[in-house]
Amino acid sequence: MTDGQPPSPPSTDTAIRVPDVPALAVSPRAAVLVHPDGTLDEGPPASLARRAAETRPLVCHGPAVAARLGRDSVPAHDLLELFAFVHPARFVLPTPGGLAEALGLPAPATLTEQALVLPRAAHRLLDRLTRLDAREQRDARILAWAMARGGWPWAAPALAALDARGDGPHGANALSAFRVWERLGEISEHAPEPVPGSLPVTEAEARARLADLLGRAAEDRPQQADYAGAVAAAFAPRDREDIGPFVLAEAGTGVGKTLGYIAPASVWAEKNDGPVWISTYTRNLQRQLDAELDRLHPDPVEKARRVVIRKGRENYLCLLNMEEAVGRLSGQPAAAIPLGLMARWALASRHGDLVGGDFPGWLVDILGRGWSLALADRRGECLFAACPHYNRCFIEKTVRRARRARLVVANHALVLVQAALGGLEDGTLPLRYVFDEGHHLFEAADGAFSAHLSAVETADLRRWLLGAEDGSRTRARGLKARAEELVGASTPATDALIAVLHGARALPGPGWHARLNDGAARGPTEAFLALVRTQVLARARGQDGPYSLETEAAPPIPGLVEAGQALDGALAGLDTPVAALMKALARRLDDEASTLDPTTRQRIDGLIRSLERRALLPVRAWRAMCRDLSQETPPDHVDWLGIERAYGRDLDVGLHRHWIDPTQPFAALVARRAHGIVVTSATLRDGSGDPEADWRAAERRTGAAHLPASVRAAVPSPFDYPARTQVLVVTDVRKDRLDLVAAAYRDLFRAAGGGALGLFTAIGRLRAVHQHIAADMDAADLPLYAQHVDGIDTATLVDMFRAEENACLLGTDAVRDGVDVPGRSLRLIVFDRVPWPRPSILHKARRAHFGGRAYDDMLTRLRLKQAFGRLVRRGDDHGAFVLLDPMMPSRLSGAFPEGVPVKRVGLAEAVGVVRECV
């Protein structure tokens, strides 16, 4: 409802017209179709698929229902579409039970009850439409009319509930409700923030703030207070030009590290009137931090001023993309359905965040990526101040709020990419950081500081420079359209712009993929990549398989070095004019300093930074890679050639360069420039049995090894793991026999009665196990969810798993690292095999650099430690961790808490232990 206006009085039930269609609920082994007259059809999903498709039934999460029916799609009245229309920017579990809970209906227990609750949910949602305030009813009515023309199944009942009569709006009026950019508030500009002070945070101040955050009624947690006191050392003043305090702080699960570091960080921010950036790796922790910060700022208005969740531009709805999509409605009437739901969300959203914000993850499944995530700026095509919606832009509002905020919750990727590119949008870098989930810093740095001379990367740059060349209607206007007005009368700038556009034609154009596959490469970049592809196919293993391929860059096949030299020369035709254009634009800023209006100055400055980030830096990295083909790779790096595949289809091909130790650039570009850093995690140390060796390994993984000094702090978990957990290694299940592995999962899950998380080292193994056990789990009334199978985004799957004590979830790495499920909903973890590092050229180089087999063991212990850490999240949690790998070496046992024995047992005994301990 819109604030400031009283709601309309509720209408009578005569306005509520639930569609006269059956309701459908589906499980892996059964489907139920309940007709409006109360009759019921029941049978295997495949047997009801055709009948369901013919009746357009009521369903909850159409894509998931279709997948269980064995179909690509099923025409239906999806309750989630109606929910998103009535309650935009509000999350609901995408299940009949989740809908029932959100709408205050009794929870369904059986498949038939799940079907029966759907018409009741529809009735309640339509009734709520009648209760919208006058303005929101008008917008909803216009959108519903437009969506009706697009074939929206819910249009007629929605319009009836909204009391809409006649033919509806026409022309411009019909589009008015889609034009959300006209209704958003404008950016509020402020004077630059003052330079932060350097006052320290004492241990006593950190402990006192923590006590305030917890409140008087909180239980006594001395470990948390000790942790807050230790972390306060990172907020001391910097005494040297090139390094500030660097604290490595390991906090065992249950210590409460989030509030533990928020306490000293918030004190420092207040005392020094400056920001602290808190960086995470997973969206789950960003959401958790957002919730925890309510303790610091209970007033939502004050919190919005002091705390900002900061992400990259590619995470936010782009209003220009939205406008251009709306502009195509006349030729694509069906697009009114997804765009109508997007318009409803955009006006209700807090910050326009499409990934992990208030945009329900399941809505991507419903609308498709093309009408949801693709409306973000994912190609680096932002026009900045040249955009007509610049003053209402979601990301620009967030950037400005972050400049004034005192706590900025970001992510590792954003922080490190900014460092690699020279700073934030205003050219500055934060001075104080907390890196939570610090065990992922190495991985994040690896992504931020690597270079890829690939078909996709180079084709994207061409598109950014030349715009769309394939006739598609897109706003990818190219550099000429963005820069012509800003070049002005400068002859050097005009000449440089022309040269840049000419040089861009050396990059792969539309249709490159087919040409590379057909041996018809065109231009120097495609010629080089064709030879890269030839070398990979000649030397890599598994050419006929579905998986990605790679091979060493040396020795190169005949012609590759020469092709690299030719490409280097062609890229010089971009490098030189891009640098010249940047110089000419900078000169205009200087020469016309007194006459340029602020908007033009901002546009020029933004274009210079875009040219550097989007063109100059990658082109120079590519040129260096081409030159190095004829000589040895720089000693700190490793190069290889690869073909990226998915489901057996080639997606990309290229030459790749990574740092062997990516914490080197992290230390140089982030740690040495910062005035204070905390790197914290529950799994900084791997548990090798040698405490000093563990700390040294943690320092190597976090960049501390490249600094003069760091502070080590470790606070143990308060949980009594020996009394509450069991670690079992099953010795009589062959890990190469997936039928036996699947049977083990089934029996262990049933012994636990659900609340089980199954972890896998490969997607193929996960899918095979799911296929084997889905029907048996359904027969045991244990809901089974699976990443890469259910057609539901991972975060939503975890939420669904968390909500049900008898559910089971199958997942891979993203689930292993991102699950926070306290209580009975997670009481058993089953790992399919020892999670050894995957052999690759990059891993081979790092293994040689970091200690050979000891490096493999360290990585594997850390993965086991992270997985085990999901099991106990509260003091009263308990459960079992089972590894289905008889080859588990005892030297990896340090991954588990001290005092928890690793028992080697047969499957039958493991099933009995699980039944008893959970």
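Residues numbered from 1 in each chain as written. Predicted model: local features only at pLDDT ≥ 70, side-chain atom pairs only at ≥ 80, totals over all residues. Heavy atoms only, no water.

Looking at this model, I keep getting lost on the overall build of the chain. Mind explaining?
Counting secondary structure elements, the chain contains 36 helices and 23 strands. Its C-alpha atoms give the chain a radius of gyration of 29 Å, within 12% of the compact-globule value 29 Å for 918 residues. Principal-axis analysis of the C-alpha atoms places the extent of the chain at approximately 80 × 75 × 65 Å. Of the contacts made within the chain by residues no fewer than 6 positions apart, 74% connect residues no fewer than 24 positions apart. Carbon and sulfur atoms make up 51% of the accessible area of the chain, which amounts to about 37,400 Å² in all. Of the side chains in the chain, 112 bear a positive and 113 a negative charge, and the two mean positions are spaced by 1 Å. (Helix = DSSP H or I, 4+ residues; strand = E, 2+ residues; numbered from the N terminus. Rg over C-alpha atoms; globule rule 2.2 N^0.38 Å. Contact = heavy atoms within 4.5 Å. Areas by Shrake-Rupley, 256 points an atom, 1.4 Å probe, with all protein chains shown as cover. Lys, Arg positive; Asp, Glu negative; His and termini not counted. Charge placed at Lys NZ, Arg CZ, Asp CG, Glu CD.)

Hey, could you run me through the sheet that holds strand 15 (residues 676-681) in this one?
Strand pairing in a sheet relies on backbone hydrogen bonds, with the paired strands running either antiparallel or parallel. Pairing is parallel across the open sheet formed by seven strands, whose spatial order is 8-9-7-10-15-6-16. Each end of this open sheet is capped by a strand with a single partner; those strands are strand 8 (307-309) and strand 16 (711-715). The sheet shows a mean angle of 15 degrees between the axes of neighbouring strands, taken without regard to direction. Examined bridge by bridge, strand 10 (residues 432-435) and strand 15 share four bridges and lie parallel to one another. For Arg-432, the partnering residue across the bridge sits in strand 15 and is Gly-676. Lying on the sheet, helix 27 (residues 663-671) is in contact with strand 6 (246-251), strand 10 and strand 15; it crosses strand 10 at an angle near 145 degrees. (Pairing = 2+ DSSP bridges. Axes fitted to C-alpha atoms, helices over the stretch in contact; angles between N-to-C directions.)

In this structure, what is going on with helix 24 (residues 524-539)? I would like to understand it.
Side chains three or four residues apart in an α-helix point the same way, a direct result of the helix having 3.6 residues per turn. End to end, helix 24 covers 23 Å across 16 residues, agreeing with the expected 22 Å (1.5 Å per residue, within 8%). Listed as buried for helix 24 are Thr-525, Glu-526, Phe-528, Leu-529, Val-532, Arg-533, Gln-535 and Val-536. (Expected span 1.5 Å × (residues − 1). Buried < 20%, exposed > 50% of the residue type's maximum accessible area, 1.4 Å probe, protein only.)

Before we go on, may I ask you to explain the environment of Val-355 in this structure?
Inspection of the secondary structure assignment puts Val-355 in the loop between helix 15 (336-348) and helix 16 (361-367). Residue classification places Val-355 among the buried positions, given a relative accessible area of 13%. Here the alpha-carbon distance between Val-355 and Ala-572, two residues 217 residues apart in the chain, equals 38 Å. Apart from the residues lying within four places of it in its own chain, the contact partners of Val-355 are Arg-283, Lys-311, Asn-315, Leu-373 and Arg-378.

What exactly am I supposed to notice about the sheet that holds strand 21 (residues 828-831) here?
A sheet is described by the order of its strands in space; here seven strands give the open sequence 19-20-18-21-22-17-23, paired in parallel fashion. The open sheet has two edge strands with one neighbour each: strand 19 (784-786) and strand 23 (902-905). Averaged over all adjacent pairs, the angle separating strand axes in this sheet is 20 degrees, with direction ignored. Summarising the sheet, strand 17 (residues 725-730) and strand 23 pair through four bridges and their orientation is parallel. By the bridge assignment, Val-730 is partnered in strand 23 with Val-905.

When you look at the packing of helix 24 against helix 25 (residues 560-591) in this model, what are you seeing that I'm missing?
For any two helices packed against each other, the geometry is given by the interaxial angle and the distance between the axes. At a minimum axis separation of 9 Å, helix 24 and helix 25 run at an interaxial angle of 150 degrees. Accordingly, the angle class assigned to the pair helix 24 and helix 25 is roughly antiparallel. In this structure, helix 24 crosses over helix 25, and the sense of that crossing is left-handed. Judged by residue contacts, Pro-524, Thr-525, Phe-528, Leu-531, Val-532 and Gln-535 of helix 24 engage Leu-560, Ala-563, Gly-564, Leu-567 and Ala-570 from helix 25. (Parallel < 35°, antiparallel > 145°, perpendicular 65-115°, else oblique. Left-handed = near helix turned anticlockwise from the far one by under 90°.)

Quick question: what am I supposed to make of the side chain of Ser-840 here?
With respect to the helices and strands, the residue Ser-840 is situated in the loop between strand 21 and helix 34 (841-850). Judged by relative accessible area, Ser-840 falls into the buried class, the value being 18%. At a separation of 3.0 Å, a polar atom in the side chain of Ser-840 contacts the main-chain amide nitrogen of His-843. (Polar contact = N/O pair within 3.5 Å; in protein donor to acceptor, adjacent residues only side chain to side chain.)

How do you make sense of the nonpolar core when you look at a structure like this?
Generally speaking, soluble globular proteins have nonpolar side chains that are buried together. Residues Leu-317 and Met-322 are the most contacted members of the largest nonpolar core, which totals 82 residues. Residue contributions to this core peak at nine residues, all from helix 5 (residues 111-129). What Met-322 contacts, discounting residues up to four positions off in sequence, is Phe-178, Val-180, Trp-181, Leu-317, Leu-339, Met-342, Ala-343 and Leu-375. Formed by 57 residues, the second largest nonpolar core is a distinct cluster that contains Phe-528, Leu-581, Leu-607 and Leu-611. (Core = buried A, V, L, I, M, F, W, Y, C linked by side-chain atoms within 4.5 Å.)

So what exactly am I meant to see when it comes to the packing of helix 20 (residues 455-466) against helix 26 (residues 598-627) here?
In contact at an axis separation of 11 Å, helix 20 and helix 26 are set at 145 degrees when each is read in the N-to-C sense. The two elements helix 20 and helix 26 meet at a crossing, and its hand is left-handed. Residues Glu-457, Thr-458, Asp-460, Leu-461 and Trp-464 of helix 20 pack against Ser-610, Leu-611, Arg-614, Ala-615, Val-619 and Trp-622 of helix 26. Looking at the contact of helix 20 with helix 26, its residues break down into six nonpolar, two polar and three charged. (Nonpolar A, V, L, I, M, F, W, Y, C, P; charged D, E, K, R; others polar.)

Could you clarify how one ought to interpret the confidence of the model for the chain in this entry?
Fine structural detail should not be taken from predicted coordinates in areas where pLDDT scores are low. Taken as a whole, the chain shows an average pLDDT of 92; of its residues, 97% reach a score of 70 or greater. Residue range residues 1-12 is modelled with pLDDT below 50. Its contacts to residues more than four positions away, or to other chains, number 23 contacts. (pLDDT = per-residue confidence, 0-100.)

Would you take a moment to explain the packing of aromatic side chains for this structure?
Any two aromatic rings considered together are summarised by their centre-to-centre distance and by the angle between their planes. Scanning all chains against the criterion turns up 13 aromatic pairs. With 5.6 Å between their ring centres and 85 degrees between their planes, Tyr-745 and Phe-749 make a pair best called edge-to-face. Of this pair, Tyr-745 and Phe-749 both sit in helix 30 (residues 738-752), four residues apart, which is roughly one turn of that helix. The same class applies to Tyr-745 as to Phe-749, namely buried. Ring-pair connections join several aromatic residues into one group, and the members of that group are Phe-719, Tyr-721, Phe-868, Phe-881 and Phe-896. The ring centre of Trp-464 lies 4.5 Å from the NZ or CZ of Arg-482, which sits over that ring. (Phe/Tyr/Trp six-rings, centres within 6.5 Å; stacked < 30°, edge-to-face > 60°. Lys NZ or Arg CZ within 6 Å of the ring centre and 35° of its normal.)

Sorry if this is basic, but what is going on with the pattern of salt bridges here?
Side chains carrying opposite charge are able to pair once their charged atoms draw close together. By the definition in use, this model includes 62 salt bridges. Note that Arg-515 is salt-bridged to Glu-526, the shortest N-O span being 2.6 Å. Of the two residues, Arg-515 is situated in helix 23 (residues 512-518) and Glu-526 in helix 24; the sequence distance between them amounts to 11 residues. With relative accessibility at 1%, the residue Glu-526 sits in the buried group. Residue Asp-799 pairs with Arg-802 through a salt bridge whose shortest N-O separation is 2.6 Å. Of the two residues, Asp-799 and Arg-802 are both situated in helix 32 (residues 794-803); the distance of three residues between them amounts to about one turn of the helix. (Salt bridge = Lys/Arg side-chain N within 4 Å of Asp/Glu carboxyl O.)

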